[in-house]
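Here are the chains, one letter per residue:
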Amino acid sequence: MTIFENLTVQEKIQRDEYSKLDVIIIGAGLGGLGAAIAILLAGHKVTVLEAASEIGDIGAGIQILPNAARILFSWGMKDILEPHATWPQKCNFWGWKGNYLSEMDYHGYTRATGAPFWDFHRANLHRGLVTRATQLGAEVITNARVQNFTIEDDNSSTSVFLADGRVMTADLVVGADGINSKLREIFLGREDPPIATGDLAYRLLLNTKDMMTDPDLRLFVENPQVNYWVGPGVHAVNYVLRGGELLNMVLLVPDDIPEGSANTIEGDAEEMRAHFSQWDPRLGKLAALCDSKSLLKWRLCIRPNLEPTWSDPSGAFTMLGDAVHATLPYLASGAGMALEDGGVLGLCLGRLTDKSPSSKRIALAVYEACRRERTERVVQRGSYNQWIYHLPDGPEQEERDKRFKEFENMDKEWLSQESPLLSQMQETGDDPFPWRRYGVGGWLLTYDMFKDVEEKWAAFSTSGFESEAVRPSL
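Residues numbered from 1 in each chain as written. Predicted model: local features only at pLDDT ≥ 70, side-chain atom pairs only at ≥ 80, totals over all residues. Heavy atoms only, no water.

Caption draft 1: Just the overall build of the chain, in detail. The number of helices and strands found in the chain is 15 helices and 18 strands. Taken over the C-alpha trace, the chain has a radius of gyration of 22 Å; the compact-globule value for 474 residues is 23 Å, and the two agree within 12%. Along the first, second and third principal axes, the C-alpha atoms of the chain reach 65 × 55 × 40 Å. Sequence separation of at least 24 residues holds for 75% of the intrachain contacts in the chain that already meet a minimum separation of 6. A total accessible area of about 19300 Å² is found for the chain, and carbon and sulfur atoms account for 49% of it. (Helix = DSSP H or I, 4+ residues; strand = E, 2+ residues; numbered from the N terminus. Rg over C-alpha atoms; globule rule 2.2 N^0.38 Å. Contact = heavy atoms within 4.5 Å. Areas by Shrake-Rupley, 256 points an atom, 1.4 Å probe, with all protein chains shown as cover.)

Below is the structure:
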């Protein structure tokens, strides 16, 4: 679409050694690799340490909303990722019996936001980030499990200590080691496990060839859309991947993993199917296609935030992504927030003119001012969606379903205008369909990291750390 030609694509900054940081990123997930790309574009040197023995093809489906797609485009990744993306036409919400509730025109919102809704197999997105990071000069080292880190006495650098005895030192270390972050606990000086939410996920990848002979299921493949079913205590999501080869399906149910067990354990297909035995028959048919040998149960946990700060006062260590603000996947924004973190951190480090601790502290202060409140708000909305998706049948559910339809009519009227533009808004509306204009769309989908960094940097330059002028971003 020509609409995407107007999106900013960053050029790599050229630096001398006086201002070029040596940066170590711990963790080669989506957030760590995104940060690597952004920091390389800022002109610095980047080494990524990954504990696993190889960068493998893992995971299932992932939704990328326009705010995150805009950042991927800015990193020059459109041509890398576009062949692997599915462009769903719309998103539907269904009641648990299969009754239609509401829809959102994704293509219409693409025109209104200037960026697409993309669905990926996580492995394709991850591989694309690895490709772009290495193109820009990242060194990615596997079998590099970090056991500890220390800040040097002069605050100029951080040393990381690996399990095999290696020690590496950098001007800045970025912790991107995920929801079970060891670095977070080292930073805090105490244990700090993620918080269980009471839900778990069954994640399935189904071969769509098995669906094409059933007229009820074939439509999911032939007309790519995102579908949500909501009902008492549980909900389900599905969408196609890789040009219709696979159907990604996630079933969200109450957590019955025994306390003290691992957060991911083998699941039972019959147990999973029983949760949806009385639901929309289409869900039962899809669940019947599941290969029980590949079924896992994933306990869903969150991290509301890291207090009081994400960064060491030295300016030589900071964190991003799930390590500081893991959210329920119910807003489809966990990966998006990690990519935004990386993009903002890169822009802040791009403004450095030297490597002094004081300059790094300013960059990290602006980075956190841009990110803290916005990511907190996403975590809170994910937990709100857990409640509103899982309402039992009754007056609250009936009121929710009424609002689904009322706001759909308002949404369609707005999109029917000649050139609708989704403007940036601070408020969250009452639309239970979260991504639409009158839900959280006005502040979630419209995020402009360039503007945010520019405004926060200017406010900081005027007033310093303590000023309320450096107001956190939504």
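Caption draft 2: Expanded view of the sheet that holds strand β9 (residues 158-162). Spatial ordering of the open sheet is given by β8-β9-β10, a layout of 3 strands whose pairing is antiparallel. Taken across any chain shown, the strands that pair with only one partner, and hence form the sheet edges, are β8 (146-151) and β10 (167-170). Going from strand to strand, the sheet's axes swing by 20° on average, the running direction of each strand aside. Bridge count between β9 and β10: 4 bridges; the pairing is antiparallel. From the neighbouring strand, T158 faces β10, where its bridge partner is A170. (Pairing = 2+ DSSP bridges. Axes fitted to C-alpha atoms, helices over the stretch in contact; angles between N-to-C directions.)

Caption draft 3: Focus on the environment of Q10. Structurally, the position occupied by Q10 is in the segment before β1 (22-26). In this structure, the C-alpha to C-alpha distance between Q10 and S74, residues 64 residues apart in sequence, is 5.5 Å. The contacts of Q10, once residues within four sequence positions are left out, are L41, S74, W75, L347, M449 and F450.

Caption draft 4: Summary view of the environment of R403. Looking at the element boundaries, R403 is found in helix α13 (residues 395-415). When its relative accessible area of 17% is taken as the criterion, R403 is described as buried. Residues R403 and Y438, spaced 35 residues apart in sequence, show a C-alpha to C-alpha distance of 11 Å. Ignoring anything within four residues of it in the chain, the contact list for R403 reads I388, D430 and P432. (Buried < 20%, exposed > 50% of the residue type's maximum accessible area, 1.4 Å probe, protein only.)

Caption draft 5: Layout of the pattern of salt bridges. The tally for this structure, following the rule as stated, stands at 29 salt bridges. With a shortest N-O distance of 3.4 Å, E222 and R218 are connected by a salt bridge. Placement of both E222 and R218 in helix α7 (residues 215-222) is noted, with a separation of 4 residues, approximately one turn of the helix. Using a relative accessible area of 48% as the deciding quantity, one classes E222 as partly exposed. Across the pair E271 and K297 runs a salt bridge, and its minimum N-O distance is 3.0 Å. Linking E271 in helix α8 (residues 269-274) with K297 in strand β17 (residues 296-302), this pair joins segments that are 26 residues apart in sequence. Residue classification places K297 among the buried residues on the basis of a relative accessible area of 5%. (Salt bridge = Lys/Arg side-chain N within 4 Å of Asp/Glu carboxyl O.)

Caption draft 6: Here's a closer look at helix α1 (residues 30-41). Between the first and last C-alpha of α1 there are 17 Å, a value that for 12 residues agrees with the 16 Å anticipated at 1.5 Å per step. Counting buried residues in α1 gives 12 out of 12 residues, a clear majority hidden from the surface. Of the residues making up α1, those classed as buried are L30, G31, G32, L33, G34, A35, A36, I37, A38, I39, L40 and L41. One or two steps after α1, the chain reaches G43, where phi turns positive at roughly 95°. (Expected span 1.5 Å × (residues − 1).)

Caption draft 7: Just the pairing of β1, in detail. Of all 5 residues in β1, 4 are buried; the element is thus mostly enclosed. Pairing of β1 with strand β2 (residues 45-49), which is carried by 5 bridges, proceeds in the parallel orientation. Looking at the pairing, D22 lines up with K45 of β2. Taken together, β1, α1 and β2 form a β-α-β motif whose crossover is right-handed. (Right-handed = clockwise from strand over helix to strand, strands pointing away.)

Caption draft 8: Seen up close, the environment of G114. As for its position among the elements, G114 is in the loop between α4 (106-113) and β6 (118-121). Under the relative-accessibility criterion, G114 is labelled buried at 12%. Between the C-alpha atom of G114 and that of H84, which follows or precedes it by 30 residues, the distance is 20 Å.

Caption draft 9: Quick look at unusual backbone geometry. With omega at 0°, the peptide bond leading from E307 into P308 counts as cis. In this structure, P308 sits in the loop between β17 and β18 (317-319). Although it is not a glycine, N155 sits at a positive phi angle of roughly 65°. Within the fold, N155 resides in the loop between β8 and β9. Note on N155: relative accessible area 31%, which makes it partly exposed. In the Ramachandran plot, A332 falls in the positive-phi region, its phi being about 50° despite a non-glycine side chain. As for its placement among the helices and strands, A332 is situated in the loop between α10 (322-325) and α11 (334-349). On the accessibility criterion, A332 (14% relative accessible area) is buried.

Caption draft 10: View of helix α14 (residues 437-444). In terms of residue burial, α14 counts as a mostly covered element, since 6 of its 8 residues are buried. Along α14, the residues classified as buried are G439, V440, G441, G442, W443 and L444. If you follow the buried residues of α14, they end up packed against α2 (66-74), α11 and α12 (357-389).

Caption draft 11: Seen up close, the nonpolar core. Ranked by size, the top nonpolar core spans 78 residues in total, and within it I25, W75, L129 and V160 carry the most contacts. Examining the composition of this core, we find that 9 residues originate from one element, α1, more than from any other. Excluding residues within four positions of it along the chain, W75 makes contact with Q10, G34, I37, A38, L41, L129, R132, L339, G342, G343 and M449. Listed in part, the 41 residues of the second largest apolar core include A201, Y330, F404 and L445. (Core = buried A, V, L, I, M, F, W, Y, C linked by side-chain atoms within 4.5 Å.)

Caption draft 12: Structural context of the sheet that holds strand β14 (residues 234-241). If you trace the 8 strands from one edge of the open sheet to the other, you get β5-β4-β13-β14-β15-β12-β17-β16, paired in mixed fashion. Two strands bound the open sheet, and with one partner strand each, they are β5 (100-105) and β16 (264-266). Shown here is a sheet whose adjacent strand axes are inclined to one another by a mean of 20°, direction ignored. Bridging between strand β4 (residues 90-95) and strand β13 (residues 226-231) involves 5 bridges; their strand directions are parallel. Bridging from a neighbouring strand, W94 pairs with W229 of β13. Across the face of the sheet, helix α9 (residues 281-288) comes into contact with β4, β12 (195-207), β13, β14 and β15 (246-254) while running at roughly 110° to β15. Packed onto the sheet, α12 meets β4, β12, β13, β14 and β17 and runs at close to 60° relative to β13.

Geometric descriptors of this kind do not, in isolation, establish any biological role.
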